[in-house]
Each structure stands twice: as C-alpha cells, then as structure tokens.
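Per-entry structural report
Chain by chain, the residues:
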Amino acid sequence: MTEAAVPSGVREVPATAAQHGAWFLAALAPEAGSGRARAYRVRGDLDVDALRAAWLAVVGRHDALRTTIGTRAGRPVQRVAAAAEDATLARLRVEPVGPGEHVVRIELHELVCDDESAGIVLAELSSAYAAAVAGGPGLGGTPPQYGDHAPRSDEGALDWWRAALTPPPPALDLPVDRERPPAPSSEAGVLRFAWDVAVDALSDVEPVDVVLAAFQALLHRYTGEERVAVGSAVSVRPAELAGAVGAFGNTVVLCADLTDAPTFRALVGQVSAVRREALARREVPFQEVVQAVCDDRDPRRVPMCDAVFVAGGGTPELSLAGTSVEPLPADTVPARADLTLVVDRTAPVLAGALEYRACLFDRASAELILAQLHTLLTAALADPDRPVPDLPLDTPDRLSATARAADRRPDGQPASTPANALVHRAAADAPDAAAISWQGGTTSYADLRADAARITAALPRDLAGSPVVVRMATGPRQVAATLAVLDTGAHLICLGGGDTGDRGRTVLEDLRPACLVVDGAAGDDPLAAWYAEELDGHVVDVADLPADGAGGPAPVVPGSSDRAYVAYTSGSTGQPKGIPQSHGTLAQFVTWFAEEFRVGPGSRVAQWAAPGYDASLCEVFAALVAGATVCPVPDRIRANPEKIVDWLAAERITHFQTVPSFAREVLRVAGGAPERLGALNHLLLAGERLPGDLVNGLRTTLPAVRLVNLYGPTELILATWHEITGPVHGTAPVGRPIPGRRVVVVDAQDRACPTGVTGEIVIVSPHVTPGYLGAAGGDRARFRPLDDSGPCYRTGDLGRLRWDGALEFRGRKDFQVKFSGIRLELGDIEAALAAHESVAECAVVAVPDADRLVTRLVAYVVPQRGPDGKATGAPSDWRAALRARFGKAMPPVAFQTLIGMPRNVGGKVDRRRLPAPAATTRRTVRGPETVVERAIAEIWSELDAETTTVDDAFFSVGGHSLLIPVLLHEIHARFGVAIPLWEYFANPTVAGLAALVEPHTAAAGHDA
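Residues numbered from 1 in each chain as written. Predicted model: local features only at pLDDT ≥ 70, side-chain atom pairs only at ≥ 80, totals over all residues. Heavy atoms only, no water.

**Remarks on the overall build of the chain**
A tally of regular secondary structure across the chain gives 25 helices and 38 strands. For 1008 residues, the compact-globule estimate of 2.2 N^0.38 gives 30 Å, and the C-alpha radius of gyration of the chain, at 34 Å, lies within 12% of that figure. By its C-alpha atoms, the chain is 115 × 70 × 55 Å across when sized along the principal axes. Split into buried and exposed, the 1008 residues of the chain put 54% on the buried side. A sequence separation of at least 24 residues applies to 70% of the contacts in the chain between residues at least 6 apart. Where the 95 positive side-chain charges of the chain centre and where its 123 negative ones centre are 1 Å apart. (Helix = DSSP H or I, 4+ residues; strand = E, 2+ residues; numbered from the N terminus. Rg over C-alpha atoms; globule rule 2.2 N^0.38 Å. Buried < 20%, exposed > 50% of the residue type's maximum accessible area, 1.4 Å probe, protein only. Contact = heavy atoms within 4.5 Å. Lys, Arg positive; Asp, Glu negative; His and termini not counted. Charge placed at Lys NZ, Arg CZ, Asp CG, Glu CD.)

As structure tokens, this is what we get:
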C-alpha cells in the first residue's frame, strides 16, 4: 500500500468506495494481516501440482484476484497484475501434515474478495481441479469482472441514513476484561455454537431478525443504552455480476431503540422493519454514512460498529476430486468488531460463531457471553411478550452460585468481645511489647493501659451509652484517650485539630457530648471554649493530668450491639452526617483485618488516616488487638509524600493504608530507591478508584509487597477486598465480600443484575449502621430494605460483576454527566488525565448552565514539576490527551492548576474545597502565523476544509476520515515529514500538526 511506480504490465484504476474504507482500516492497523484465511484438511491422494494449476487458472479469470492496492497522491488505487503468479492478496498454500494428508489454506483479502465471492472462487477451484486431474477441459467462458461494477448514487438514501442515525448511536461500553489498548488490535477468538432453538417460531419475521433482536437486547443489557447499533455485513452485488469476484461487501448500521422496555416480540418487529429499510438502501457506502453522521472517530474502533452481525457467514465448501475435504474451524480470525455474531444457518439448528476481540475479552468470558445470549434467546422464544429487561441472562445454576459467592454474612457475625477488651487481653499477654511508636520513643502495652486508666479516672462517671468527643492530634495520648473512652462504655467521636469552625460546632451541637477531651491549652482552643460556654460542656485536658495519677474503675465490657463510635462524613450536601457503629462490628472488622493481612507481634502499622475518619480507628485497633505496634503519622507530614516516604523508612512500617492518589505520589518519590521501604509488606488502598497503571507501577517498584484494594462505605466500615497478584488493565476490581457482608448489584427494580450488567451496589449486612444521627437522622432512603433479609445500605455506587466473579466499581450515579447525548463518567476522564506523565493529581467537575445541562468541565490539575520547579506539562498537552482518548465526546475542558489538592479527613480529594471554576473566558483566537501553519492551512483549503484559526479540528471544518491520508501525504510532500495516522488523531488541528512538523523543519534549517 505504498506510493511507487506502476510496474510494466500492471493496470491502475481508481479504488471503489468499499475499497477506500477497507484500505483506511488496514492503514490504521497494518499488522492485521491479509484477511480471513480459510483452511481445509484434505485426506487422500491430493495432486498438489494440479491444485496449483487450478488455482492459477481461477486467479487468471478474475482481475480482482490479481489486484493490489497502492496509493496515488494519498488516495488508494487498484493495480491489476497481468499474471496470476503476481497475485498478493489472493494466496493458496498447501502444507503436508502426514501420509496422505494435507492442509489447504486459502487467503482472500477483503480488499479484493468478499464472502460471497469466496464461494465463487472455491466453486471454480473445485471444478478446475476436477478437470485437471481428469485431463478434461478447464473452466470455460469469461466471467464478469469487478471493474464492471458501477455503484449507483442515491442522495435520497443517504438522507434516510442521516435521519436514522442522527444523533449517532453511542459507542458500546461492553463488559470487557481489559481496557482497549492504545493501538488497534486485530486478533479475534472464535467460539462456535449449535443450539436447538426454534427461531422460526415468530410469524411475519425472518429467523435472522429474531437472532439479531436477541443480540441487540443483550448489548442493551450490558451497556444500559436505549439506542443500540450493530454493523451488519451485506452484499451490494448486482444481479448482472452474479459470477464476478470482488469487494462487493458493504456495512449497514442497524439501530434498535429499547426505550420504555419493549417486549421481545415488539423488539423483533422493530428490528425486522429497520433491517428491511436498511437493506433497501444498502448501496450507500458505509464511509459516506459515517461522513454524514459522525464528525469525529476513535481510530481504534469502527464508528457505530463495536458489535457486528453477520448472516450467512458459513465457510464455503471446497471439493477436491478423489479426496475427502473437511473445513477446519479457526481459533482466531481478524477482528471485525469487539463482538461479532455470525449466523451460518437457522435450521434445523441455529448454528454459527461468536467472534471476540482477544485484546478485550478472555476466552472464558466470551463463553459466558455466548451462554447468556443462549439463555436470553431461549427465554424470549418461550415468552416473547415478556419485556426485554425481564429476560434472564444467567442460568439458574449460575445465579445460585453467584448469590452464594456474594453472601458472606455467616462468616462474620458481630463479635461478642469488644475491641477495647481485646486490646487489654493483648496487653496482658505481652505487657512490655511496644504498643505505640512515636518520634523515636515507644509506649509499651502496659504503659498504654496505665495512660488510658488515668484518662478514664478523669472522665465523668456513668458515661455508658453517652457520646464523648476526643479532639486531639495524632500521637500516643490520642490513642490512649480513644481506649479510655471505650473503657468507660461511652461511644467515641474523634475530631482532629483542624476541625474548627462550623464543622466542629455542627458535630458538637448534633451530639451534645457528655465530655470533650483535649490535649493542652484547652482555654486557647476556640472550639473547646465555645463548647464549654454555649453548650455548658465538660472539657478534660489530658495535658493537665498527673503522670502518676490513680487509675479509674475497671474497664466496662459493652454489649455487641452497643454503640462504639460515631464517624462524621461530609455528606452529599456538605452537612456533616453522623454514622454510628457498634462494638460488635468494630471488633469483627479489626480482627478480620489483622488475621487476613497478617498483623501481629512485630508488625508496625501506620496510622495514616486522620482522626475522625473510621479508617484511623481501624488502623489503631487492628494493630492493638493483634499485639502489633501502632505508628501514628505526625499531622504535619501526613499529606507530604517526600516526608512520608522518609518516615515510612525510618519507622520500618510493615503495613500502610492510604488512598490511591496519595499512593501515586509515594510511588513517585520512592521509585528511585525502593529499597528504603524494605520493611513494607502490605500496602492497602481504599477510598478511590485504583488505576491499572498505578497498580503496575507499584508491583514493579515494590514486588515483595502484598497489594490490596479495599472498597466500602463508612456505613459499614468496608464491604469488599481484592488482592492484586498480576498486571491490571484499566481499573482494579474491588473484589469479593468481606466476611459478614452480602454485596449485590441490583437494577432499578431491585433485581440482581446478571454478570456483566451494571447496576447499583447494595450491601446487606448486620454491620450496616442503624441510621444517621442528628440533622440527617430522618434520611432513611439509603437504608430501604432490599428483600427483607436484614439491614441494608444502598451505596449509590455503580458496579458490575466481572466474568471472573469479582466486583468492578463503575463510578457514582451522581458522577455521570451527559454531553450532546453521550454519557460520560467523570472518573474515566480523571483516570485518563491522571495517566498523563505530567499530571501528579487531578479532579474533574462538571459545570452546568442555567438549565442544569453540562456545558463544560473544569479539570483541576496538580502538575508534575521538573528540577527547576516548572510544570512539565501544559493545558494544551492535557487537552490533546483527552481528545485522543475520548474524541468529540469530550465536552469543552478548562484547566486550573493547583499546588496541591484539598483533602478531607479521610485523605480523599475534597471537591467542595476546590476553587470555584473560573468564569468562562474566550480563548484567544488566532489565525495561522508561522510558515508551517500557513502551509498546512493551505493544504486544508485545497481539501475543502476551510479554517481561519489554528485550533479548529479538521473534521469540524469539512474534513473526513478518507481525506486524512491525503492530508498527511501533502504534508509529507511539502515538508518531508511523515506523520503516522495515529499522530493525526491526537493532533487534528493546524496548530497540532504544525507542532509535529516544525521541530523537523527547524532541524533541517528551514524557516518555521
């Protein structure tokens, strides 16, 4: 496919529209190979010479088989060789595999031969071989030629397609095992099926319509999209060219509308009507349809054809006289789409194949997809008047197995012994062991008990069941105070030193605690003073207690259901929301945590989470109940990755729990000398999506560290966990339930979602908080029972079960935005931006207009900085990265750079504290200025893509995909710079293309 001189004896003619499209796709994925090979096992006395002679005779009869595709001025052209021996896109190979046994492989590239033409080729080859071995006459007559094909133009048909596909149907977000790689991948696996189902049972429709409707119903269930498009391979061969060989194939887009949950019968009728209308307009080349309705494209996928349906796709028969010939099913073929359903025949059985893009799906996953299609189709035929959302996808056995795996409540009931009692037990077993490590010194378990007893003695009597607030910085005294409060039978609320102002006052006013425990200068603490004066509260300052003071009464042993603590989160409105939790749940979780993650004597557990966050309590008590050492992180270094890495090394931390965004910063700092963290053996990540690139970086840098992803709301501490033992593509799953939890994914009707279908994550567990406190106490919507099986919490998180059974976090309901009818997940945009090498951290927020429609996004970016302190990236780099990843689906993005991200007490990015989005300012519009920019704009103009600014995208001013190679050819001809097709899609503007060209022209001494 290169631009070269035409050899002698070769005719050059323009390529057809079908060849244009196939050539463009081949240029995007040059490693895709030569097309779909057909293989046959031949047993018997095969005359190889006669077979080769027959092949050459067939190739000699058809110009198309002797055609290659070259380029002329960046456009594809057909080059027809005179000799059959010179054919390169039609090949026959014969391989001996044993005595009297051969494998015959026939490769016919789609640029020159469609599936129907392949049948003609094999029929003629069978006849020519029979004549050759019998010594009879060869093939007679001259067949019609592909060059005689003159496609008809019908503007009315194109108008129909434009109306039917505007706006373009969304891309299909399929339940893949891996994210789409950055470059096209062409290999597809193949699964064959033969089902005894009567697809001819519905009247007034063709059997293939029934299968197609089932396929689109399945895709609808996976994606949640109301408009589901699939491509369908069709032939546009005219009757007068019945014997011709050539690229007569075309693709039509069949779009089903599943709005308002139609019945399967109604869907089949709709699909049948759409297919009839589409087939009546099949001659409009697919590329013309794309140009008419799609003004942008992802180079890794064919527009509107993430899934393809092929009817009548069986392997053509080959007959070789005197032998037995058996088609060999291929395990892999060139990928036509992410999923391709091929129907070979519909009676007496439904037989065909499912082809799946191997870079996205494992074979086992594709097998489950095929099984779900079978289940859906069988149920739909049994009850065609059933709404599509009600049709089952999983078999009863698989549903039962999934339900059992999701329910671990019997394995983790609330503990009978509270956490504080377990700490005293550990202290009695090893009183001299180090309980706390702090600033070079240690506190033994015996000293911790004594410190707690002194604080208990200073607290008011009869606190059982009352709230007590500990407002202290992290350190040994704060740990002792938390133990002391629990020993009184009171329930604990922790506030950090920064919880002043409205938030701290709201918590105190909400709770009206019996006591406020502080550490030093109580009179200078405005919150403590306000509490004492306005609420007539009792303040205890542990700094004033005598070091040798007498201990208090014996620790109270509360009941399992008694309240242990209240954690305050910000809530969706910004109003602090009190979440109480019981002693039974706290003890159950920390003992599971310690056992599962091997916390015990000798372990050194970082208390990284700030006071007030339930993770802080869990870090402390998981260590202390197991006889390990708690190592509180000083408040002044908690958010500083450089100092944290030094601290982790100096403290010889074995267990470190943090959020992924901060782990990325730790990785950046520690990456140069990971041996400093040689003591670390567990890294536990929670609170945010865990991107695959971060996982893989951590595994490479810290290969001996056990890496765990944790998930769950504060309402029950945590819900699931997943140990990562291999490379992660995309986002790490959140795994399977922690003991004591039943974790399910449900649809809008509270039905369990089948594997691969997205729904809301709901947790049923005895560990669910009984409800919120204070002003939020009346909010019971999240706790609406699921199926009367126990306390329930509806997370508002989206998830789906992966094919391996692990739970996958899919974002928040309230983090989804729609722009131009396309649904976008802000978390996906953040992940793509965070993957850029110049981005340290980022957060993306949607900015609605007066009608509450999203009109733009604001991306807050903490850039990476070089040794000189300057940012290593700029908004133009980040905008190009997002454009390359999301294309035209991206709303306009404004970038605001920050020194650091504001975080809440749990370490997560606090979006409410992000700066207000800057007012929309009109970007400076400038025309082409440099020599290169002016030249590129001139090339655009020659291609009827007029632009007056350097920031217009080629597609937005009249360009289309088939003109891209012409554009790049002209740039190469003018500047001698070859821009790969891939680079264009990331830089589709005059400014972007000029930036690729100018470094080369400057190096060559040209004026830029």
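Next comes the rest of the description.
**Here we look at the side chain of aspartate 614**
If you trace the backbone, aspartate 614 turns up in helix H16 (residues 614-624). The class of aspartate 614 is buried, set by a relative accessible area of 5%. In this structure aspartate 614 touches Tyr565, Ala567, Thr714 and Ile717, once residues within four positions along its chain are discounted.

**Quick word on the UniProt feature "domain: Carrier" (unreviewed entry) in the chain**
This chain's UniProt record puts "domain: Carrier" (unreviewed entry) on residues 927-1001. In residues 927-1001, helix accounts for 56% and strand for 0%; the two terminal C-alpha atoms are 20 Å from one another. (UniProt positions renumbered as here; feature names shortened; annotations may be inferred.)

**Quick word on the pairing of strand S26 (residues 682-686)**
Counting buried residues in S26 gives five out of five residues, a clear majority hidden from the surface. Side chains of S26 alternate between two faces, with His682, Leu684 and Ala686 and Leu683 and Leu685 buried alike. Of the strand pairs in this sheet, strand S25 (residues 655-658) and S26 are connected by four bridges, and their pairing is parallel. By the bridge assignment, threonine 658 is partnered in S26 with leucine 685. The handedness of the S25 to S26 crossover, carried by helix H18 (residues 660-670), is right-handed. Two strands pair when backbone bridges link them, and S26 and strand S27 (residues 706-711) are joined in this way by five bridges, in the parallel orientation. (Pairing = 2+ DSSP bridges. Right-handed = clockwise from strand over helix to strand, strands pointing away.)

**Considerations on the sheet that holds strand S11 (residues 323-328)**
With antiparallel pairing, the four strands of this open sheet are ordered in space as S5-S6-S2-S11. Strands with a single pairing partner mark the edges of an open sheet, and in this sheet they are strand S5 (90-98) and S11. Looking at each pair of strands side by side, their axes are set apart by 25° on average, direction ignored. Most of the contacts of helix H2 (residues 48-61) go to S5, to which it runs at about 165°, and overall it touches S5 and strand S6 (101-108). (Axes fitted to C-alpha atoms, helices over the stretch in contact; angles between N-to-C directions.)

**Considering the pairing of strand S13 (residues 339-345)**
Burial of S13 is extensive: five of the seven residues sit out of reach of the surface. The pairing of strand S10 (residues 307-311) with S13 spans five bridges and is parallel. If you follow alanine 307 over to S13, its bridge partner there is leucine 339. Pairing of S13 with strand S14 (residues 350-357), which is carried by six bridges, proceeds in the antiparallel orientation. Among the inter-strand pairings, leucine 339 is bridged to a residue of S14, identified as tyrosine 356. Between S13 and S14, which follow one another and run antiparallel, lie four residues.

**Focus on the packing of helix H4 (residues 155-164) against helix H7 (residues 286-293)**
At a minimum axis separation of 9 Å, H4 and H7 run at an interaxial angle of 50°. Comparing their axes, H7 and H4 come out oblique. Two packed elements cross with a definite hand, and for H4 against H7 that hand is right-handed. On the side of H4, the interface is formed by Leu158, Trp161 and Arg162, while H7 contributes Glu288, Val289, Ala292 and Val293. Class assignment for the residues of the contact of H4 with H7 results in five nonpolar, no polar and two charged. (Parallel < 35°, antiparallel > 145°, perpendicular 65-115°, else oblique. Left-handed = near helix turned anticlockwise from the far one by under 90°. Nonpolar A, V, L, I, M, F, W, Y, C, P; charged D, E, K, R; others polar.)

**Quick word on empty space enclosed by the protein**
All chains considered together, the criterion is met by eight cavities of 30 Å³ or more. A volume near 150 Å³ is recorded for the largest cavity. If you go around the largest cavity, you meet 14 residues; those closest to its centre are Ala18, His149, Pro151, Val236 and Glu283. Put simply, the parts of the chain that give the lining of the largest cavity at least two residues each are helix H1 (17-28) and strand S9 (249-257). A volume near 80 Å³ is recorded for the second largest cavity. Considering every element that reaches the lining of the second largest cavity, the biggest residue donor is H18, with four residues. Residues that form the lining of the second largest cavity fall into these classes: eleven nonpolar, one polar and no charged. (1 Å grid on protein atoms, 1.4 Å probe; cavity = no way out; pocket = protein on both sides within 12 Å on 5 of 7 lines; lining within 4 Å. Points joined across faces, edges and corners; volume = space filled by probe spheres on them.)

**A closer look at helix H22 (residues 931-942)**
Across its twelve residues, H22 extends 17 Å between first and last C-alpha, which sits within 8% of the 16 Å expected from 1.5 Å per residue. Burial in H22 covers these residues: Val932, Glu933, Ala935, Ile936, Ala937, Ile939 and Trp940. Positive backbone phi, at 65°, marks aspartate 944, one or two positions downstream of H22. (Expected span 1.5 Å × (residues − 1).)

**Re the pattern of salt bridges**
Under the criterion given, the structure shown has 53 salt bridges. As a salt-bridge pair, arginine 180 and aspartate 338 come within 2.6 Å of each other at their nearest N and O atoms. On the criterion of sequence distance, the pair formed by arginine 180 in the loop between H4 and strand S7 (187-195) and aspartate 338 in the loop between strand S12 (332-334) and S13 is long-range, its members being 158 residues apart. Residue aspartate 338 is classed as buried on the basis of its relative accessible area of 2%. One salt bridge in this structure joins aspartate 407 and arginine 409, with 2.8 Å as the shortest N-O distance. Members of the salt-bridge network, linked through shared partners, are Arg38, Asp115, Arg336 and Glu355. (Salt bridge = Lys/Arg side-chain N within 4 Å of Asp/Glu carboxyl O.)

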